[in-house]
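Residue-level listing of the chains:
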Amino acid sequence: MTLTVVPISHIATDEQGVARVAGSRVRVLDIAMSHGRGLTAEQIRELYPHLTPGQIYAALSFYADHRVEMDAAIARSVEAARAAFASATRPGFADAEQGR
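Let me sum up the structure you'll find in this document. (Residues numbered from 1 in each chain as written. Predicted model: local features only at pLDDT ≥ 70, side-chain atom pairs only at ≥ 80, totals over all residues. Heavy atoms only, no water.)

### Topic: the overall build of the protein chain
Step number 1: Regarding its fold elements, the protein chain presents five helices and two strands.
Step number 2: Ordered by position from the N terminus, the helices and strands of the protein chain form the series β-β-α-α-α-α-α.
Step number 3: Looking at the 100 residues of the protein chain, the share that counts as buried comes to 25%.
Step number 4: Residue pairs at least 24 apart in sequence account for 44% of intrachain contacts in the protein chain once pairs closer than 6 positions are excluded. (Helix = DSSP H or I, 4+ residues; strand = E, 2+ residues; numbered from the N terminus. Buried < 20%, exposed > 50% of the residue type's maximum accessible area, 1.4 Å probe, protein only. Contact = heavy atoms within 4.5 Å.)

### Focus on the layout of surface pockets
Step number 1: Looking at the largest pocket, its volume works out to about 190 Å³.
Step number 2: Taken together, 13 residues line the largest pocket, and the ones lying closest to its centre are Gly17, Val18, Ala19, Met70 and Ala73.
Step number 3: Element by element, the count of residues in the lining of the largest pocket is highest for helix 4 (residues 67–88), at five residues. (1 Å grid on protein atoms, 1.4 Å probe; cavity = no way out; pocket = protein on both sides within 12 Å on 5 of 7 lines; lining within 4 Å. Points joined across faces, edges and corners; volume = space filled by probe spheres on them.)

### Topic: helix 1 (residues 28–36)
Step number 1: Buried residues dominate helix 1, accounting for seven of its nine residues.
Step number 2: For helix 1, every residue scored as buried is listed here: Val28, Leu29, Asp30, Ile31, Ala32, Met33 and Ser34.
Step number 3: Lining the buried residues of helix 1 we find strand 1 (11–13), strand 2 (19–21), helix 2 (41–47), helix 3 (53–65) and helix 4.
Step number 4: Looking one or two residues past helix 1, glycine 38 carries a phi angle of roughly 105 degrees, positive in sign.

### Side note on the pattern of salt bridges
Step number 1: Applying the stated criterion across every chain, the model contains two salt bridges.
Step number 2: Among the ionic pairs, arginine 20 bridges to aspartate 14, the shortest N-O distance being 2.9 Å.
Step number 3: Given a relative accessible area of 16%, aspartate 14 falls into the buried group.
Step number 4: Taking the shortest distance from any N to any O, the salt bridge between aspartate 30 and arginine 27 comes out at 2.7 Å.
Step number 5: Take aspartate 30: its relative accessible area is 18%, and that puts it in the buried class. (Salt bridge = Lys/Arg side-chain N within 4 Å of Asp/Glu carboxyl O.)

### Remarks on the nonpolar core
Step number 1: Among the nonpolar cores identified, the biggest contains 19 residues, and Ile31, Leu51 and Ile56 are the most heavily contacted of them.
Step number 2: Elements that contribute at least two residues to this core include exactly strand 2, helix 1, helix 2, helix 3 and helix 4.
Step number 3: When residues of this core are assigned to their parent elements, the largest contribution, five residues, is made by helix 1.
Step number 4: Those residues in contact with isoleucine 56 that lie beyond four places of it in its chain are Ile31, Ala41, Ile44, Arg45 and Leu51. (Core = buried A, V, L, I, M, F, W, Y, C linked by side-chain atoms within 4.5 Å.)

Keep in mind these numbers describe shape, not what the thing actually does.
Here you go:
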């Protein structure tokens, strides 16, 4: 029996090397983080109704195959969000933003 590998084309990388669901702006790491918070694929689809179940499962599969790199990207994303929040809530931030 001869098997032919069938590539799945649901995942693409952008110019910066970020893995996204092909044909959308949705990052694989966003789907992985949602899944990591306990959401099922069906619940993730409620967040991204324009994605098919196949696209969501492909993103989860891509995450599983690239876990080390994806976890590092998630950690960077979380840290960037924390830093942005900290700078936005720092005393005097609103005054500085308004030129006072």
